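Structural overview
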Amino acid sequence: MAKKSKWFVVATEGATTDGRNIARVWIEQMAKNYDPQNTYGARINLEHFKLWWYNPNEPHAKCYGDVLALKAEEREDGKLQLLAQIDPTPELIELNKQRQKIYTSIEVDTNFADTGEAYLMGLAVTDDPASLGTEMLSFSATAKANPLNKRKERPENLFSEAIETVFDFTEEPAEPSLFEKVKALLTRKAKKEDERFADQEQAVELLSTHLSELTDKYDVLLAEVAEKEQAFAKLSDEFTALKQRVEQVAQQPESNYTPSPEVTGATDNDGRFF
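Since the model is a prediction, treat every value here as computed from it, not as a measurement.

**A word on the pattern of salt bridges**
Tallied over the full model, the rule gives 8 salt bridges. Linking E47 and K101 is a salt bridge whose minimum nitrogen-to-oxygen distance equals 3.1 Å. One end of the pair, E47, is in the loop between strand 5 (43-46) and strand 6 (65-74); the other, K101, is in the loop between helix 2 (90-97) and strand 8 (103-109), with 54 residues separating them in the sequence. According to the relative accessible area criterion, E47 is buried, its value standing at 15%.

What follows is the structure, encoded as structure tokens:
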């Protein structure tokens, strides 16, 4: 069974690791714009540290899941919070069971793809919130360049202050296959005859519906094949006609062609040309 988390807070409007504040409007935009299927899917990493090659023995060389969805909710004190739902890998679930990597921090691009709006680029889990929190805020204030820039997708992006997160993973039951559905209907025991007959009838209807769906798909495919065959036949005829035309043109003299006059010459008494 697949697992996905319940909704949890990943950021609150306020401080970041480089002295900037997460604006309320950024949270609103991230929640509104996030589309992992059609735009960009944020992945989960350790400490905002991402290596660009894969090594199964290097924790930072792999991701630990994906952010499925975002939403914004207002806290009791009026501050807006960003909530996420994630699809974790088994490694992240195991870390969570061991009470490891219990703080999260987000990476925000405030001008994603030159749209002028904010977008979530990544989610980090960490055990050392100070390295992404108040100590880094103080350090960054005196540094010429933010020491976290190398970990960002773009130097202009920002990391949120790390907050403690409570992951709550729920089981997502897999959809049973057609075979499993039919088998379940036909193998139930301790039922009256009329109930068993009803189950068998339901199984036949299920198979009939599935067969009907397959037939419809088959008819659509046949129509597409016939259409492509017609298009191919048309192209083949056009190619044959073009080939014949080229051969005819190749056998005809050019428009400015003038044949050479016949050379008769002269012969001597023995009939030889000279």
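From this point, the discussion proceeds with the structure in view.
**Quick word on the pairing of strand 7 (residues 80-88)**
Most of strand 7 sits out of view: 8 of its 9 residues are buried. Here strand 2 (residues 8-12) pairs with strand 7 via 4 bridges, running antiparallel. Looking across to strand 7, one finds that T12 is bridged to Q81. Bridge analysis of strand 6 against strand 7 gives 9 bridges, and the strand direction is antiparallel. When the bridges of strand 7 are listed, G65 appears paired with P88. Linking strand 6 back to strand 7 in an antiparallel pair, the connection comprises 5 residues, with G78 at a positive phi of about 95 degrees.

**Some thoughts on the pairing of strand 9 (residues 119-126)**
For a regular strand, side chains alternate in direction, first toward one face of the sheet and then toward the other. Counted residue by residue, strand 9 has 8 buried out of 8 residues, so it is predominantly covered. Alignment of strand 5 against strand 9, held across 4 bridges, turns out to be parallel. Within strand 9, the residue paired with R43 across the bridge is G122.

**Details of the nonpolar core**
Grouped together as the largest cluster of nonpolar side chains are 32 residues, with contacts concentrated most on M30, V67, L82 and I106. Listing elements by their share of this core, those giving two or more residues are strand 2, helix 1 (24-33), strand 5, strand 6, strand 7, helix 2, strand 8 and strand 9. In terms of residue count, the dominant contributor to this core is strand 9 (5 residues). In this structure V67 touches Y34, P36, A42, A84, Q85, I86, L120 and L123, once residues within four positions along its chain are discounted.

**A word on helix 2**
Within helix 2, burial applies to L92, I93, L95 and N96. All buried residues of helix 2 lie within an arc of 160 degrees about the axis, which places them on one face of the element. Among the exposed residues of helix 2, those pointing more than 90 degrees away from its buried face are P90 and K97. Once helix 2 finishes, R99 follows within two positions and takes phi at roughly 60 degrees, a positive value.

**Some points on the confidence of the model for the chain**
Summing up the model confidence of the chain, the mean pLDDT is 76 and the portion of residues at 70 or higher is 66%. Counted against residues more than four places away or in other chains, residues 130-144, with its pLDDT under 50, gives 28 contacts.

**Some words on unusual backbone geometry**
In this structure, E47 takes a positive phi of about 60 degrees despite not being glycine. Backbone geometry places R99, a non-glycine residue, at a positive phi of 60 degrees. One can find R99 in the loop between helix 2 and strand 8.

Conventions and cut-offs
- Residues numbered from 1 in each chain as written.
- Predicted model: local features only at pLDDT ≥ 70, side-chain atom pairs only at ≥ 80, totals over all residues.
- Heavy atoms only, no water.
- Salt bridge = Lys/Arg side-chain N within 4 Å of Asp/Glu carboxyl O.
- Helix = DSSP H or I, 4+ residues; strand = E, 2+ residues; numbered from the N terminus.
- Buried < 20%, exposed > 50% of the residue type's maximum accessible area, 1.4 Å probe, protein only.
- Pairing = 2+ DSSP bridges.
- Core = buried A, V, L, I, M, F, W, Y, C linked by side-chain atoms within 4.5 Å.
- Contact = heavy atoms within 4.5 Å.
- Arc of directions from axis to C-beta.
- pLDDT = per-residue confidence, 0-100.

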